[in-house]
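# Descriptive structure summary
Listed below, chain by chain, are the residues.
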Amino acid sequence: MSTHPGIHVGPQTDLANAVKAGWKWLMGIGVALVLLGAIAIVYPVASSVASTLFIGTMLVIGGVIHAVYAFSTRGTSMAMEIVSALIYLIVGFMILAEPISGVVTLTLFLALFFVAQGIFNIVISLARARTVPHWGWMLFNGLISLGLGVVILAQWPEASAWVIGLLVGIYLLFDGWALMMLGWMSRGAAKESAS
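Predicted model only: the values in this text are computed from it and were never measured.

### Section: the overall build of the protein
Across its full length, the protein holds seven helices and two strands. Evaluated residue by residue, the protein yields a buried proportion of 27% over its 195 residues. In the protein, of all internal contacts separated by at least 6 residues, the share reaching a separation of at least 24 is 78%. When the accessible surface of the protein is split by element, carbon and sulfur atoms take 77% of a total near 12800 Å².

### With respect to the nonpolar core
What tends to happen in soluble globular proteins is that the nonpolar side chains get buried as a cluster. Counting five residues, the largest nonpolar core is built from Ala111, Phe114, Ile152, Ala159 and Val163. When residues no more than four places from it in sequence are discounted, the contact partners of Ala111 are Gly149, Ile152 and Leu153.

### Thoughts on the environment of Met181
Mapping Met181 onto the fold places it in helix H7 (residues 163-194). Since its relative accessible area comes to 32%, Met181 is described here as partly exposed.

### Observations regarding the packing of aromatic side chains
If you walk through the whole model with that rule in mind, you get two aromatic pairs. Arranged with centres 6.2 Å apart and planes meeting at 90°, the rings of Trp137 and Phe140 form a pair that is edge-to-face. Placement of the pair is Trp137 and Phe140 together in helix H6 (residues 135-154), with a separation of three residues, close to one helical turn. With a relative accessible area of 48%, Phe140 lands in the partly exposed category.

### Thoughts on the confidence of the model for the protein
Across the protein, pLDDT averages 80, with 84% of residues at or above 70. At the low end of the mean pLDDT range in the protein sits strand E2 (residues 7-8), at 46; at the high end sits helix H3 (residues 44-72), at 88. This stretch, residues 1-9, has a pLDDT under 50; its non-local contacts, to residues over four places away or in other chains, come to seven contacts.

### A short note on unusual backbone geometry
The step from Trp156 to Pro157 runs through a cis peptide bond, and the omega angle for that step is 5°. Within the element layout of this structure, Pro157 appears in the loop between H6 and H7.

### Observations regarding the packing of helix H5 (residues 99-127) against H6
Packing of H5 against H6 leaves a shortest axis separation of 7 Å and a crossing angle of 155°. Relative to H6, the element H5 is oriented roughly antiparallel. As for how H5 packs across H6, the hand of that crossing is left-handed. Across the contact of H5 with H6, the residue classes tally to 18 nonpolar, eight polar and no charged.

### So, the side chain of Ser51
By secondary structure assignment, the location of Ser51 is in helix H3. Ser51 gets classed as buried once you look at its relative accessible area, which sits at 15%. Here Ser51 is in contact with Ile164 and Val168, once residues within four sequence places are set aside.

### Structural notes on H6
Between its first and last C-alpha, H6 extends 29 Å over 20 residues, near the 28 Å set by a 1.5 Å rise per residue. Of all the residues in H6, the buried ones are Leu139, Gly142, Ser145, Gly149 and Ile152. For H6, the angular spread of buried residues about the axis comes to 160°, placing them on one side. Opposite the buried face of H6, by more than 90 degrees, sit the exposed residues Trp137 and Ala154.

Basis of the calculations
- Residues numbered from 1 in each chain as written.
- Predicted model: local features only at pLDDT ≥ 70, side-chain atom pairs only at ≥ 80, totals over all residues.
- Heavy atoms only, no water.
- Helix = DSSP H or I, 4+ residues; strand = E, 2+ residues; numbered from the N terminus.
- Buried < 20%, exposed > 50% of the residue type's maximum accessible area, 1.4 Å probe, protein only.
- Contact = heavy atoms within 4.5 Å.
- Areas by Shrake-Rupley, 256 points an atom, 1.4 Å probe, with all protein chains shown as cover.
- Core = buried A, V, L, I, M, F, W, Y, C linked by side-chain atoms within 4.5 Å.
- Phe/Tyr/Trp six-rings, centres within 6.5 Å; stacked < 30°, edge-to-face > 60°.
- pLDDT = per-residue confidence, 0-100.
- Axes fitted to C-alpha atoms, helices over the stretch in contact; angles between N-to-C directions.
- Parallel < 35°, antiparallel > 145°, perpendicular 65-115°, else oblique.
- Left-handed = near helix turned anticlockwise from the far one by under 90°.
- Nonpolar A, V, L, I, M, F, W, Y, C, P; charged D, E, K, R; others polar.
- Expected span 1.5 Å × (residues − 1).
- Arc of directions from axis to C-beta.

As structure tokens, then:
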């Protein structure tokens, strides 16, 4: 669809217009996420427990959804869905019953994930060094992930008290900052199109 020769209106244009119109929301949400991220960084232990409780709650909800789906289906998939529902529910309730143990376990899994991801990125970047441009960035990413995983493992389980909360805080901070920047740029674009 076109309203003028050379100007195409479609889903991308609609999205761009929506972003321009909603720049205040983007700025507001961005500021809120930056504040939440700062709080999580200042209080990483409370943030770690809150994150673990959130994960436990999501697992329980996921278990209920799997159970509902299991009893609404027939055939061989029903047994698999019931098993999935039980796993979700058991793990979710265990985390909710013992959030501190959940934090320790999640921190271990997170550290192992960083180590595995780091090794994978290092191997892939070195294997493709001659064929992929800017392969050094993937190598750098792999080294940072591997280093972070090793540091967390070296301090585990003591690090469990603050690692998840700190990482959640950093993520929220950067996500909020990105939304604020998007809102700021959209504000400028909205002013230009209005003039």
